[in-house]
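Spelled out, the chains give:
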Amino acid sequence: MMNKITQDIETVLKQIPDGAHIMTSGFGLAGQPVELIEALIDLGPRDLTIINNNAASGDRGLTNLLLSGLVKKMICSFPRANNSTVFEDLYKAGKVELELVPQGNLACRIQAAGAGLGAVFTPTGFGTKIAEGKETRNINGKDYVLEYPIHADYALVYANQADQWGNLTYRKAARNFGPIMAKAAKTTIAQVHQVVELGELDPEIIVTPGIFVQHVVKVGDIK
């Protein structure tokens, strides 16, 4: 019977090559898959493009990934944090690139990738530098900017519970970007607090169906 639960986190993450585009869930530290990110640092794939709401916060996870020198580019909404200057310092030193995306657009573009859409028109950013060089259109008297989906090779997401088929539930604000990132990536790796038996998860509370998840690691079993 299909079982996506693993304790061999190193083998799972070793498949991530240099130059990969990786989505990481999280709103600041809430819902950030810290253990997966820090295990990735030990394996050392280089020239990574990281898609996240923030460009590091606090002193773990993405902060350490940036400090490791493995990140070539960040695609995010909030490149500055009141508790970390790591990204700002690296950016000013020319050591990392930035694509700034308004938060609503970030979510919309990730959702578009998961839904298989070719592009979306959004009013956010019209008339600003964000819209420079992009197609615009007036629809029903309102101006819009054409934005393309954001895809990823891998998504590292943080969830609360999983069963062996990879069905995921989330806890409160830790849910944030995880569900849409899981749909927008070719391969999704989830870290969870608890693994339950098949049938224990009420289908009504499953947010991410297992069809979008390839690997599940229980925190505490990471090696």
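About the cut-offs
Residues numbered from 1 in each chain as written. Predicted model: local features only at pLDDT ≥ 70, side-chain atom pairs only at ≥ 80, totals over all residues. Heavy atoms only, no water. Phe/Tyr/Trp six-rings, centres within 6.5 Å; stacked < 30°, edge-to-face > 60°. Helix = DSSP H or I, 4+ residues; strand = E, 2+ residues; numbered from the N terminus. Buried < 20%, exposed > 50% of the residue type's maximum accessible area, 1.4 Å probe, protein only. Contact = heavy atoms within 4.5 Å. Pairing = 2+ DSSP bridges. Axes fitted to C-alpha atoms, helices over the stretch in contact; angles between N-to-C directions.

**Student:** Which residues make up the packing of aromatic side chains, and what are the values?
**Tutor:** Using the criterion set out here, one finds one aromatic pair in the structure. Between Phe87 and Tyr91 the ring centres are 5.9 Å apart and the planes differ by 20°, which places this aromatic pair in the stacked class. Of this pair, Phe87 and Tyr91 both sit in helix α4 (residues 86-92), four residues apart, roughly one helical turn. When its relative accessible area of 43% is taken as the criterion, Tyr91 is described as partly exposed.

**Student:** How would you sum up helix α2 (residues 34-43)? Please name residues and give values.
**Tutor:** If you check which residues of α2 are buried, you get Val34, Leu36, Ile37, Ala39 and Leu40. Taken together, the buried residues of α2 touch α1 (9-14), β2 (21-24), β3 (48-51), α3 (62-67), β9 (152-158) and β12 (185-192). Among the residues trailing α2, Gly44 stands out with phi positive, at a value near 75°.

**Student:** Could you give an account of the sheet that holds strand β7 (residues 136-139), with specific residues and numbers?
**Tutor:** The strand order across the open sheet built from three strands is β6-β8-β7, with neighbouring strands paired in antiparallel fashion. Two strands in the sheet have a free side with no partner beyond their single neighbour: β6 (120-122) and β7. Looking at each pair of strands side by side, their axes are set apart by 40° on average, direction ignored. With four bridges joining them, β7 and strand β8 (residues 142-147) adopt antiparallel strand pairing. Each residue of the ladder has a partner; that of Thr136, found in β8, is Val145.

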